[in-house]
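The chain contents come next:
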Amino acid sequence: MILVTGANGNVGRLVLRQLIADGRTVRALSRNPEQAEWPDLAEVAPGDLADPASLRTALDGVEAAYLFPAPGTGPGFVAAAEAAGVRRVVLLSSGAVEDRSDPPTDPIALYHWEIEQALRSSDLAWTILRPEVFAANSLQWAAQTRAGDEIRGAYADAAATPIHEADIAACAVAALTGPGHSGAVHHLTGPQSLTHADQARIIGEVLGRPVRYLELPPATAREQLAPYVPAPILDSILTLWAESVGNPRPVTDAVAKITGRTPRSYAAWVRDHAGEF
């Protein structure tokens, strides 16, 4: 039995489907199982990562688990998994995390690092996936492209290596079901380093009309995002964008090594989500 937490998320739902397609016995963890539609072959168990006591039933008979990184849940989940006899955990972490013994100051890196540390200190066989930037982050622009041909935001030349969520899921499935991943930290990227302006252009190419990225002053972008993003997280994002201007991001071959196939392009991701733009 394989447990999938965060089974309604961008990655978790694909992990669940890929495992079922591979013929694996799977169980989805959900706080509100009755409020979602589930694949026919998925067993569904109620439970909350923030409440370790609620995980007993969900973890019963589980040999491996895909762990969604909910803040503050690492130690509780790890203890519950060890008590239930789980052998393997694959964590969806973040490319913001660096290998270090002292806590990072970046808030995004910090909560992922804390979960990583809980796993590293356990007796579980663990694998850590550190995707750099989700291509799905581009969905924040969808309302703008539906309304016109401009995307307005900070740092047009900020660079990233956006990765398709299906490639992250494929790496998670490989680590859950195959050998050679215990104790591994996999840095996952898409196949290209692209700026915000590049991504806007590619969105336009897929939609069949020109779309351009109009750069706003950082202060203006901050004002627009502040109602939706907590201040420490927003500070972290804007700092990361500023530091990446003029610095193409490194591309790794991890997806190809793990899955045996080239990672999907950003254009392929946009085609898969074109209806939302």
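Residues numbered from 1 in each chain as written. Predicted model: local features only at pLDDT ≥ 70, side-chain atom pairs only at ≥ 80, totals over all residues. Heavy atoms only, no water.

Going by what an unreviewed UniProt entry lists, the protein chain is known as NAD(P)H-binding protein and is assigned to Streptacidiphilus alkalitolerans.

1. Some words on the packing of aromatic side chains
Centre distance and the angle of the planes are the two values used to describe a pair of aromatic rings. Put simply, the rule reads: Aromatic rings from Phe, Tyr and Trp, taking only the six-membered ring of Trp, are treated as a pair when their centres fall within 6.5 Å; an angle between ring planes under 30 degrees marks them as stacked, one over 60 as edge-to-face, and anything in between as tilted. Only DSSP runs of H or I reaching four residues or more are called helices, and only runs of E reaching two or more are called strands; each is numbered from the N terminus. Buried residues are those whose accessible area, probed at 1.4 Å on protein chains only, stays under 20% of the maximum for their type, while exposed residues exceed 50% and partly exposed ones sit between those limits.
Overall, the coordinates contain three aromatic pairs when judged by the stated rule. Measuring from centroid to centroid gives 5.9 Å for Tyr 266 and Trp 269, while their planes differ by 20 degrees, and the two rings are stacked. A residue pair is termed a helical-turn pair when its members lie 3 or 4 positions apart in one helix, as Tyr 266 and Trp 269 do in helix H11 (residues 266-272) at three residues. With relative accessibility at 2%, the residue Tyr 266 sits in the buried group. In this structure Trp 269 comes out as buried when scored by relative accessible area, which is 0%. Aromatic rings pair up to connect Tyr 266, Trp 269 and Phe 277 into one cluster.

2. Looking at the side chain of Thr 73
Here is the rule we go by: Here a residue-residue contact requires only that any non-hydrogen atoms of the pair lie within 4.5 Å.
Mapped onto the secondary structure, Thr 73 falls in the loop between strand S4 (64-67) and helix H3 (74-84). Given the relative accessible area of 5%, Thr 73 is considered buried. Not counting chain neighbours up to four residues away, the residues in contact with Thr 73 comprise Leu 49, Ala 50 and Ile 115.

3. Some points on helix H6 (residues 165-177)
For clarity, the cut-off: Here, expected helix span is obtained from the residue count minus one, scaled by 1.5 Å.
With 13 residues, H6 should reach 18 Å at 1.5 Å per residue; the first-to-last C-alpha distance of 18 Å fits that figure. Most of H6 sits inside the fold, with 11 of its 13 residues counted as buried. For H6, the set of buried residues is Glu 165, Ala 166, Asp 167, Ile 168, Ala 169, Cys 171, Ala 172, Val 173, Ala 174, Ala 175 and Leu 176.

4. Topic: unusual backbone geometry
The phi dihedral of Tyr 155 is positive, around 55 degrees, even though this residue is not glycine. As for its placement among the helices and strands, Tyr 155 is situated in the loop between strand S8 (150-154) and strand S9 (159-160).

5. Regarding the sheet that holds S4
Short version of the rule: A pair of strands counts as paired when DSSP detects no fewer than two bridges linking them. The convention used is that axes are lines fitted to C-alpha atoms, helices contributing only their stretch in contact, and that angles between N-to-C directions extend from 0 to 180 degrees.
Spatially, the seven strands line up as an open sheet ordered S3-S2-S1-S4-S5-S6-S11, and their pairing is parallel. Since the sheet does not close on itself, it has two edges, and those belong to strand S3 (42-46) and strand S11 (184-188), each with one partner. For this sheet the average axis-to-axis angle between neighbouring strands, irrespective of direction, equals 20 degrees. The pairing of strand S2 (residues 26-30) with S3 spans five bridges and is parallel. Opposite Arg 27, over in S3, you have Glu 43 as the bridge partner. Of the strands in this sheet, strand S1 (2-4), S4, strand S5 (88-92), strand S6 (125-131) and S11 touch H6, which is tilted by about 165 degrees from S5.

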